[in-house]
Structures are given as C-alpha cells and as structure tokens.
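# Structural overview
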Number of protein chains: 2
Amino acid sequence: MNETDASSRADAPRGASVAPGGPAAEASAVLGGAEPSAAEPVGPEASGPPGVPTMFDVARAAGVSHMTVSRVLNDRGGVSGATRERVRRVIADLNYTPSPAARAMANRRSGQIGLIQAGRPDYGPSNAALGFNEAAREAGYTVSQVSMRGVDAGALTQAVHRLVLQRVEAIVVISGERDGVEVTRGIDAGVPIVAVASEDEPGMHRVSMDQYAGAVRATEHLIGLGHREIRHVTGPDDSMDAAERRRGWADTLRAHGLEVREPLTGDWLAASGYAAGRDLLADVSATAVFVGNDQMSIGLLAACREAGVDVPGALSVIGFDDIPEAAFFAPPLTTLRQDFDGLGRDIMATVLDVLRDEAAAPDRTERVPELVVRASTAPPGRLPT
Amino acid sequence: MNETDASSRADAPRGASVAPGGPAAEASAVLGGAEPSAAEPVGPEASGPPGVPTMFDVARAAGVSHMTVSRVLNDRGGVSGATRERVRRVIADLNYTPSPAARAMANRRSGQIGLIQAGRPDYGPSNAALGFNEAAREAGYTVSQVSMRGVDAGALTQAVHRLVLQRVEAIVVISGERDGVEVTRGIDAGVPIVAVASEDEPGMHRVSMDQYAGAVRATEHLIGLGHREIRHVTGPDDSMDAAERRRGWADTLRAHGLEVREPLTGDWLAASGYAAGRDLLADVSATAVFVGNDQMSIGLLAACREAGVDVPGALSVIGFDDIPEAAFFAPPLTTLRQDFDGLGRDIMATVLDVLRDEAAAPDRTERVPELVVRASTAPPGRLPT
DNA sequence: TCCAAAAGCCCCACCATAATG
DNA sequence: TCATTATGGTGGGGCTTTTGG
C-alpha cells in the first residue's frame, strides 16, 4: 500500500502543480484537495501557515518556483531583471526572511562565529570580547557566545562541540589560561580556532599583544630610574600572559646584569596582590616591583600602606593593563596600557584571514603595551621601613 | 512530458527507500548496498560520514532505532532503563550532540536567546551577562550576543532586528541606560524582550536588583553612625540604577528629617568620582557621602587624599557594588554588595517564565544589596580640613 | 518497551529542461 | 548543433512527530 499510496500522492500534487507554481508548496498546502477534480473546496484558505512565511509562500505569490526565490535571495545569476524585481517586492510585502536553521542545514554554514570566554570577566577579556563582537558584526557575522567562569577542560570541550554543531564557521577563544587554549587545540573541531594566546601554540591560530615587550618596557623604566633590586609579582602559573611578562622582566634584568629573584605569585586579583605585598615587604632590599597587573597592584599598594612603606619613596610599583581606576590608586599607578579593543578587532581580522585561506597565516603584528608613567614609580630613595 | 518524467523520477527514489530500514540514514550511508539482499558487505563501515555523528550513527552503534535515541535525548518516556543507559553510553562514546540546526527546523524553535549588551563592560554588566550566559546554557539555550560600547538608538534597533532575523526566542537587554531599554521597548520584535531595568517599564519584562533598598541601607548606615549632612554622587542621568539609588538616598534622608542637597553627578567612572570629590570638598559641612558606585568612590577617595581630607576621620564614604578591589582602596571601602551573577541567573529564569507563559509575569522578587562595612565609614569626627 | 516508516521543517546544490540565439 | 540564459525539479541535511505494529 505504501507504494500505491506514495505514487498516487506523489503524482496528484505534481499534476496539479504543473499548472501553477511550486511543488512542495502544493504538497503541504493543497494536500487534501490534491485530486485536480476535487473542485478545490480546500476551505482553509489553502496554505494558511499562520507562522512565518516560507520560500514557497513567496514563490507562489510571485508566480515563480521556490528556486527562483532562492536565487534572488542569494544574489545568484540566472534570473531576469523583471522576475528578480517581482520576487523582491513579494519578499518585502510578505516580510519574508529566510530561516537561518534551514540555511544552516543546507549550507553547512551559519554566518556565526563562536566565542568562548573562559575565566573571570576582567577588564582585559571583557573589552577584548567587546571589540571582537563589534568587529564580527561589522563583518556580517553573528556571535554565538559561551561564557564560563572557570576553565574546566570538560566544559571547554563541551563548549567547542556545541559551537561546532551550531555550524559556527570559526571559534574564538578568549581565556588567559593556558589550559583554555590547550584544551581547545586538542580538539579536531573541523573549523578554525583562533585563540588569544601570547605563547606560540602550534597547530592553532593565535592573536595577542606583545606581553614580553611590555614587560621589558616596564622593567627598563624601573632600571632607568636607578633601581637594581626589582622584584616581580607574576600571575597564575597557567597564564601565558603572566609567563611572557615574567620572561620579559627576567630577561631584562639579566641583560642589565641584575639579579633575578624568584617572583611572587598571584591570581590577578587584588587580594593576591595584597598577600604578595606582605611577603614582599619582608624583603628589605627590593626597591621596586613589577606587578603582573593593575588589580594586584592595588592590593600590593594596600599592603604597603598598611606596613607604612611609602610608595614610591621606599618602593616603586609598576602595574600592567592600565585599567581606568589605575590613575586613582594611592598613589596613581605607573603601568602599561593595553589596547584591548584593538586586540578584539585583531581577533576578528585574523578570523577573516583564516576563513579566507586557512593555510596562509598572515601573522598579524602584535600591539605593544604603552608605558604610562604616573606617581608610583620614582628613583630609589630611603629604604623601606 | 513533464508528467511522465516527474512521476517516473518521483517513484524511483521512493520505491528504493521503501525497502531498507532508516530513511535518510541509508540514503546517505548505505547508499549502494541499499538492497536488503545485498549481503550487507557495506564495506565502508556503513555511515562513514567523516564529520560529526548523527542520530543514526548512535542508533546503529547502540543497536536501537533512531527513534529510541531521540526519546533518550529528549528524556521522553517509553524507554527501558537498560536501553536508555546503553544509548547514553554510546552517545557519550561517540561524543554525539544533536544538531541544533536540525532540531531548530523540526521543532520550530531555535534554542537561541539573543543578548544585547550595551554600554561599557563594567564589573556589574559583565558579571550579569556571564551569569545569564551560564544559566542559559544550563537551560539548554544558546546565546547569540550583540555587544556595543554605546547605547545609540539606531544601533540598538538594528541589534534587535538582527536577532529577530536569527529567530531567537527571546531577547535580553543588559544596559544600564534608560535609553537602551526604552528603545527596545518600542520595537514590536515578535518575541519577548526581557530587560534589566530598575524602574518600571510598562509593556516589557524586567529584572533587577533592589537599588532603592540598597541605597536606603547605605544611607541608614551613615545616619546610624551619626551623620546628618550626607551628600550623594549619582550616576549618569539616564541610568535607572542611578535614579533609584538617588531616590533611596533622598527618601531616607527625608524620613529622618535631614536635608537633601543636590547630588553631584558622575558617569560611573573613577575620573568622574574624582571630579565630584573636588566639588564636594568645597562643601565643608558634609560629613559623609554616598557614592553611586565603587569606581567613582576610588576617584573620590583620591580627591580626598589630594586635599588632605581624612577618610573616614573627616569624611565617611560609602560605595555601591563591592567590586573585588573595594577592600583594597585607601581606606578599604564600605559598600553595598550586589550579586550580579544571581541577577544574570534571574534574567534567564524570567526568560524561561515568559517563554512558558508570556502573560503570567511571575514577578521575581528582587535581590537586595548587602551592606559590607569596611574602613571608609565611621562616626563623624573632626570637621574636614 | 520498542521498532519501522514516512511526513514534514526550510533551504540550497546540482541537474534537467525550455526557450533562445 | 551547441552555448546561453532562465527556470523548474530532486535530493538531501538531521531531527521530531505520527501512525502502526
């Protein structure tokens, strides 16, 4: 019965449709009244899809096939000017917009870029994400974002998969932590992955600012002021930025024949800077500190204040990032400004490059943080307490 | 000839697919070996799609029909525990996740929620967005985000339209500024819009924290310490949060029979707090200030320091938000902690409510900011300088 | 409890056809 | 006869629903 059924059903609409326009349209619309003879009492106003109009509705209204509509939609050739115009008008009248889901299925591309943001929404990442989002929009892409506070490998993997299945065309990872990048690199996503990563990550596209150069500038600023004992408060172990800044600091000290002491470690938050500050102050010889970021700096400054250590009189402090509050620290913080918005735009630019030609990695030049001198650094003076 | 052709072509495929098992699966997978008689040497390991696995791959591997897989996926009854387990395992093994695009088509729902984030990515909005994002994911939704630094009406309108075209099921607006909310309210998006808004916005769903109550607590804290001249630094004019906090402050002063002086105005940034501080210090009578947020507080504290005004000795300062750095200000800031992550989750909860029944607005109870007393407030002592 | 089969959902790639030159 | 141009037709794509065992 199947066959009979199928063929009969298949034929009827066909026959019917020969005269008018589309095929399937009739299938779903005409249906019952299929038999051409059936006087078409199909009361319910035939189609009557109360929902959004489909391509077939447009086709019918314009008296063309759905294919022609498709061609018009995608600005493909092979449609006469007149027809194109007519279809366009109908599209406007019906307020028709193609279903992204259907498009995604058929095209295997979604016009979406996935953004994975893992970690605390600090000043840097948030602004980079914003810059990226704006750039993506300008490039005609939509951003599907997955944010997570932690950088759990499982969650990250899940996120990548979700995005891949959404048919995103590329995945961007903004996560300071190395794990966040490593994990995603291990996944054969089938789509290019672009990560913000200041260390080289073979087999993956990356974008970053020149953390190393920034650290060099910071350290040289201190050395230039006459400091010889320069400590460092680094970020978490698995932060690539932290590693690069530390490397820049250490290399610079060495280049100047200065001693490289073990850095103190923080987690980027003010509280850890405070803790590091307390430890640091036990070291009476240091006259300057290069702190991994501004947030930790404020904590460290608090520790100094508490211990009665004058900054910059007894200790010079330099931060990194130049968050908007840095100028109002006590004292105003000398730091390195990073252009996060620019970084975000660089990310999207790289995505476009990669999408254009996966192989040709155009290797964008890195932005270099800019030294902003304020009141927390000065030539070494009296020794700490 | 159309007819002949059409019918013959139409029949062939139909007839062919009738025989084997699954429909589409076989079509793309088995293909040649379709004929049941074909001894199934289907060499190429059947499916072989190098891409992501489909439901049919799972079904085959688990030895069940794709329907069962579907039931398991959607937690629908009619599947024995054992089978369910087996299918689950296979799903995990294959790292299978259903294609959102296909689901969207079949379900007529995209599973996407649009998020519009307008304005600077400050601590509050960023964390609320993060909380929302996580909650959305947990609820099985995907987030399509549109971020923009400004709150330009045109851009906002554009954003809403973009999201509607994407067929998002709801739109969330996180934008402190009233304009951001007003604009989106005027749009007949066809999908529910939920906005973070602390003022009542007729004709739109809103979520917020109780800014008013927070401000009352802040003011009462100061009054409780014995202050009688309490000034206020408010946020930008078009911030609803700012308006509510100001209202809470003013009402509380009045309730205690205290004078309500014109507040100073800032833009939430530290620099504006600094400027407000300088103005404020001209007023020698004030013994306390309720500052609209923590960022402005740090600026104001800097102004005090510069002017040699002791905090809290000569002036008590209380902020709002409790950003992680607040405890390390000079002095550590008394402030009102807001649970932004919770707010984000409330947003998603509201979205779900609304999606469930647009009419029944369950009016979630607002979270109330919590007073965190630190060192920037104290009983009034010696007068300012 | 579970399988089988088929009909969509909406669109696009690809092929077929018709009418022109 | 062979390109060319303008259309129409078919077959998925992956999943849910429905109907029928």
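Figured I'd write up the structure that's included with this text.

## Concerning the overall build of chain A
Within chain A one finds 14 helices and 11 strands. Per-residue burial for chain A yields a buried fraction of 53% across its 385 residues. A fraction of 69% describes how many contacts in chain A between residues 6 or more apart in sequence connect residues 24 or more apart. For chain A, the computed accessible surface area is about 16,200 Å², with 52% contributed by carbon and sulfur atoms.

## Digging into the relation of the copies chain B and chain A
Copy one and copy two of the chain differ by a rotation about a common axis and a shift along it. If you rotate chain B by 177° and push it 1.4 Å along the axis, it lands on chain A with an RMSD of 3.0 Å. The transformation just described matches what one would write down for a two-fold rotation axis. Across chain B, the rotation axis passes nearest the C-alpha of Ala101(B), at a separation of 2.3 Å. When the interface residues of chain B are mapped onto chain A, 94% of them again lie at the interface, so the same face is used by both copies.

## Considering empty space enclosed by the protein
Here the structure, examined in full by the defined rule, presents 6 cavities of 30 Å³ or more. Empty space within the largest cavity amounts to approximately 220 Å³. Lining the largest cavity are 17 residues, with Gln117(A), Ser126(A), Gln145(A), Gln117(B) and Gln145(B) sitting closest to its centre. Every element with two or more residues in the lining of the largest cavity is listed here: α7 (123-138) and β2 (142-148) of chain A together with α7 (123-138) and β2 (142-148) of chain B. The dominant element in the lining of the largest cavity, judged by the number of residues it contributes, is α7(A), at 4 residues. Each residue belonging to the lining of the largest cavity can be placed in one class, and the counts come to 6 nonpolar, 11 polar and no charged. In this structure, the second largest cavity occupies an estimated 70 Å³ of space. No other element matches the 4 residues that helix α13 (residues 294-307) of chain A contributes to the lining of the second largest cavity. Here the lining of the second largest cavity is built from residues that sort into 11 nonpolar, no polar and 2 charged.

## Re helix α4 (residues 66-73) of chain A
Residues and elements named next belong to chain A. Listed as buried for α4 are Thr68, Val69, Ser70 and Val72. Against α3 (55-62) and α5 (81-94) lie the buried residues of α4. One or two positions beyond α4, positive phi appears at Asp75, with a value near 50°.

## Considering the sheet that holds strand β7 (residues 264-265) of chain B
All names here are of chain B. Taken in spatial order, the 4 strands line up as β7-β6-β8-β9 in an open sheet, and their pairing is parallel. Strand pairing shows two members of the sheet lacking a second neighbour, β7 and β9 (316-318), which therefore form its edges. Taken together, the 3 bridges between strand β8 (residues 288-291) and β9 define a ladder with parallel strand orientation. Its bridge partner being in β9, Val289 is matched across the sheet by Val317. Set on the sheet, helix α10 (residues 211-224) makes contact with β6 (230-234), β8 and β9; between it and β8 the angle comes to about 165°.

## Remarks on α3(A)
Residue and element names in this part refer to chain A. The set of residues buried in α3 consists of Met55, Asp57, Val58, Ala59 and Ala62. Residues of α3 that are buried in the fold lie against α4 and α5. Capping of α3 at its N-terminal end is provided by Thr54; its side-chain oxygen lies 2.9 Å from the backbone amide nitrogen of Phe56. Where α3 terminates, the next one or two residues include Gly63, which has phi positive at roughly 70°.

## So, the interface of chain B and chain A
Contacts between the two partners involve 53 residues from chain B and, on the opposite side, 54 residues from chain A. Carbon and sulfur atoms supply 59% of the area buried between chain B and chain A, which totals about 4,700 Å² over both sides. The largest share of the area that chain B buries against chain A comes from Arg149(B), Arg167(B) and Phe328(B), three residues that together contribute 15% of it. Applying the counting rule to chain B against chain A returns 2 salt bridges. Among the ionic pairs, Arg149(A) bridges to Asp341(B), the shortest N-O distance being 2.9 Å.

## A closer look at the environment of Thr252(A)
All names here are of chain A. Structurally, Thr252 is set in helix α11 (residues 240-255). Given the relative accessible area of 4%, Thr252 is considered buried. Expressed as a C-alpha distance, the spacing of Thr252 and Val216, which sit 36 residues apart in the sequence, is 5.9 Å. Not counting the four nearest positions on each side in its chain, Thr252 is found in contact with Val216, Thr219, Glu220 and Ile223.

## Focus on the sheet that holds strand β8 (residues 288-291) of chain A
Pairing between the strands of a sheet comes from backbone hydrogen bonds, and it takes one of two forms, parallel or antiparallel. All names here are of chain A. Overall, parallel pairing links the 4 strands, which are arranged β7-β6-β8-β9 in an open sheet. The open sheet has two edge strands with one neighbour each: β7 (264-265) and β9 (316-318). Looking at chain direction, strand β6 (residues 230-234) and β8 are connected through 4 bridges and run parallel. Paired with Ile230 across the two strands is Ala288, which belongs to β8. Sheet contacts for helix α10 (residues 211-225): β6, β8 and β9; angle to β8, the most-contacted strand, approximately 165°. Contacts between α13 and the sheet are confined to β6, β8 and β9, with β8 contributing the most and set at about 145° to the helix.

## Overview of the packing of aromatic side chains
All names here are of chain A. Evaluated as defined, the whole model comprises 6 aromatic pairs over all chains. For the ring pair Tyr123 and Phe340, a centre distance of 5.8 Å and an interplane angle of 90° mean the geometry is edge-to-face. On the criterion of sequence distance, the pair formed by Tyr123 in helix α7 and Phe340 in helix α14 (residues 340-356) is long-range, its members being 217 residues apart. Owing to a relative accessible area of 30%, Tyr123 belongs among the partly exposed residues under this scheme. Of the residues examined, Phe340 reaches a relative accessible area of 10% and is grouped as buried.

## Description of the nonpolar core
Nonpolar side chains in soluble globular proteins tend to end up buried together. Counting 54 residues, the largest nonpolar core has Leu300(A), Leu315(A), Val317(A), Leu300(B), Leu315(B) and Val317(B) as the members making the most contacts within it. Sorting the residues of this core by element identifies α12 (270-280), β8 and α13 of chain A together with α12 (270-280), β8 and α13 (294-307) of chain B as the ones contributing at least two each. Residues within four places of Leu315(A) in sequence aside, it is in contact with Leu280(A), Leu281(A), Ala286(A), Thr287(A), Ala288(A), Val289(A), Leu300(A), Cys304(A), Val309(A), Asp310(A) and Ser376(A). Residues Val146(A), Val164(A), Val168(A) and Val181(A) belong to the second largest nonpolar core, which totals 23 residues.

The rules behind these values
- Residues numbered from 1 in each chain as written.
- Chains lettered and ligands numbered in written order.
- Predicted model: local features only at pLDDT ≥ 70, side-chain atom pairs only at ≥ 80, totals over all residues.
- Heavy atoms only, no water.
- Helix = DSSP H or I, 4+ residues; strand = E, 2+ residues; numbered from the N terminus.
- Buried < 20%, exposed > 50% of the residue type's maximum accessible area, 1.4 Å probe, protein only.
- Contact = heavy atoms within 4.5 Å.
- Areas by Shrake-Rupley, 256 points an atom, 1.4 Å probe, with all protein chains shown as cover.
- Least-squares fit on C-alpha atoms with pLDDT ≥ 70 in both.
- 1 Å grid on protein atoms, 1.4 Å probe; cavity = no way out; pocket = protein on both sides within 12 Å on 5 of 7 lines; lining within 4 Å.
- Points joined across faces, edges and corners; volume = space filled by probe spheres on them.
- Nonpolar A, V, L, I, M, F, W, Y, C, P; charged D, E, K, R; others polar.
- Pairing = 2+ DSSP bridges.
- Axes fitted to C-alpha atoms, helices over the stretch in contact; angles between N-to-C directions.
- Polar contact = N/O pair within 3.5 Å; in protein donor to acceptor, adjacent residues only side chain to side chain.
- Buried area = accessible area lost by both parts, 1.4 Å probe.
- Salt bridge = Lys/Arg side-chain N within 4 Å of Asp/Glu carboxyl O.
- Phe/Tyr/Trp six-rings, centres within 6.5 Å; stacked < 30°, edge-to-face > 60°.
- Core = buried A, V, L, I, M, F, W, Y, C linked by side-chain atoms within 4.5 Å.

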